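# Analysis of the macromolecular model
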There are 2 protein chains.
Amino acid sequence: MGISKPAAERLARLARFLEQRAEAGKSGFISSSELEQMTGWPSHTIRKDVSQLVSGFPEPQDGADMFSTSAGYDPVALASCIRRVLSLENASHNCCVVGLGRLGSSFLNYEAFAGTPFTLRAGFDSNVNRIEILQGEFPLYPTFRMKEVIPRFDIKLALLCVPGECAQASADKLFSCGVTGIVNFTSVVLSTPPGTAVENVSVLDALGALATRLAFNRLK
Amino acid sequence: MGISKPAAERLARLARFLEQRAEAGKSGFISSSELEQMTGWPSHTIRKDVSQLVSGFPEPQDGADMFSTSAGYDPVALASCIRRVLSLENASHNCCVVGLGRLGSSFLNYEAFAGTPFTLRAGFDSNVNRIEILQGEFPLYPTFRMKEVIPRFDIKLALLCVPGECAQASADKLFSCGVTGIVNFTSVVLSTPPGTAVENVSVLDALGALATRLAFNRLK
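Below is a short write-up of the structure. (Residues numbered from 1 in each chain as written. Chains lettered and ligands numbered in written order. Predicted model: local features only at pLDDT ≥ 70, side-chain atom pairs only at ≥ 80, totals over all residues. Heavy atoms only, no water.)

Here the focus is the sheet that holds strand 5 (residues 140–142) of chain B. Residues and elements named next belong to chain B. With parallel pairing, six strands are arranged side by side in an open sheet as 5-4-3-6-7-8. What marks the edges here is a single partner per strand, and that holds for strand 5 and strand 8 (197–200). Across this sheet, the average inter-strand angle for adjacent strands is 25°, counted without regard to direction. (Pairing = 2+ DSSP bridges. Helix = DSSP H or I, 4+ residues; strand = E, 2+ residues; numbered from the N terminus. Axes fitted to C-alpha atoms, helices over the stretch in contact; angles between N-to-C directions.)

Next up on the list: the interface of chain A and chain B. Counting residues at the interface gives 68 residues for chain A, matched by 68 residues for chain B. Regarding the contact of chain A and chain B, the summed buried area is about 6100 Å², with carbon and sulfur atoms giving 66% of it. Of all residues in chain A, Lys-5, Arg-102 and Leu-204 of chain A give up the largest surface area on contact with chain B, accounting jointly for 11% of the area buried on that side. Our count for the chain A to chain B interface comes out at two salt bridges. Between Arg-16 of chain B and Asp-205 of chain A there is a salt bridge; the shortest N-O distance is 2.6 Å. There are eight residue pairs in polar contact (both at pLDDT 80 or more) connecting chain A and chain B. Mapped onto the side of chain A that touches chain B, the elements with two or more residues apiece are helix 1 (5–23), helix 2 (32–39), strand 3 (93–98), helix 6 (102–105), strand 6 (155–160), strand 7 (181–184), strand 8 (197–200) and helix 10 (203–219) of chain A. With 14 residues, the top contributor of residues to the side of chain A that touches chain B is helix 10 of chain A. Broken down by class, the residue content of the side of chain A that touches chain B amounts to 39 nonpolar, 20 polar and nine charged. (Contact = heavy atoms within 4.5 Å. Buried area = accessible area lost by both parts, 1.4 Å probe. Salt bridge = Lys/Arg side-chain N within 4 Å of Asp/Glu carboxyl O. Polar contact = N/O pair within 3.5 Å; in protein donor to acceptor, adjacent residues only side chain to side chain. Nonpolar A, V, L, I, M, F, W, Y, C, P; charged D, E, K, R; others polar.)

Another point: the nonpolar core. If you look at the biggest cluster of nonpolar residues, it comprises 54 residues, and the most contacted ones within it are Leu-159, Phe-185 and Leu-207 of chain A together with Leu-159, Phe-185 and Leu-207 of chain B. Setting aside anything within four residues of it in sequence, one finds Leu-207 of chain B in contact with Cys-95, Phe-113, Phe-118, Leu-157, Leu-159 and Val-183 of chain A. The next biggest cluster of nonpolar side chains, apart from the first, holds 25 residues, and it includes Ala-12, Leu-14, Leu-35 and Met-38 of chain A. (Core = buried A, V, L, I, M, F, W, Y, C linked by side-chain atoms within 4.5 Å. Buried < 20%, exposed > 50% of the residue type's maximum accessible area, 1.4 Å probe, protein only.)

Limitation: the analysis is restricted to geometry and does not speak to function.
Structural data, given as structure tokens:
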């Protein structure tokens, strides 16, 4: 479809930014430099990503006119165009959370999933007591029931919140049960079989990126 | 220094990947395609980033020889070169965590900060009862004491874990107290003053990126 993978990832994130901005009641056109401030990506990267999007359209001119004027981008039109071109519309993904410590259990009543294509269907923990004490909006199971539960709910994505020393073993188990994508909250670098993907979410990476950006601002 | 901001961010993250790999006892050279599998970034991007790094060296040839051979990169030499060129060595950053619900309190005994340039110095919550009940390895304060505590510990970075409806107000407060960088765990898009930076950490963004990557793999 002519869009590079990093561009596709940025665009997917951009769509969410734009939709949140609209939900927060902010309307009006938005310039690529405002988007730079919002996202931290250079404005020329954003313009290039959007132009890749337009070139993916059957009729490029119409696509371009749809969301871009000299005043900037129409945020709602751009977001919906991104979703359409990247086939993110109407997608629905069943997810599970693995490891119900403080971090994992913070997803038990996580309202931010409402209205997104992602639904939490199950939680897993190796500690049976913990499962009995905790209450979520979805059922909780002991880890040994993964093999039965994950295919039953057609779960393809998992939030991995286990201690670091169990991370690879849990990931292997998840992949063997049919999960294809893991959001990895541990600080362990996971080995993955072909056709699967891991997205690392790490406070240390985020702090590192911040420190780099702030140092970069000073060096400029 | 001739390195673009996105490249600097990727390189900083790459350094951490390589160091973790070494800590996990994996040794030997690593190819850019192995790095692609590990990070999700295209191997040509990684090679380009590393070449930007080399061009930032006083003596390019020496720099290149140091960590790159036909067998791949020397992970330890590459990581230390990244830290040196990006001035990430010997840096030390005082951090605080704001909002001590399930997510925020998961940082109270967070061992992964050991050995990193980041140190948690303080936690804040508007609920005084919560502060009295929780115990961390650093002191906890009611939110109204930010103005006194943040400058005292020279805190420049904050982990923002408050509910979405308080996110912008908390961020404004943090910036006004001297914080320059926020890791934003809320799903709110924050407005930021010039000279500051926000790094968004969102499970929804991570899931979105995963879904995009997996869809992309299928389209290829």
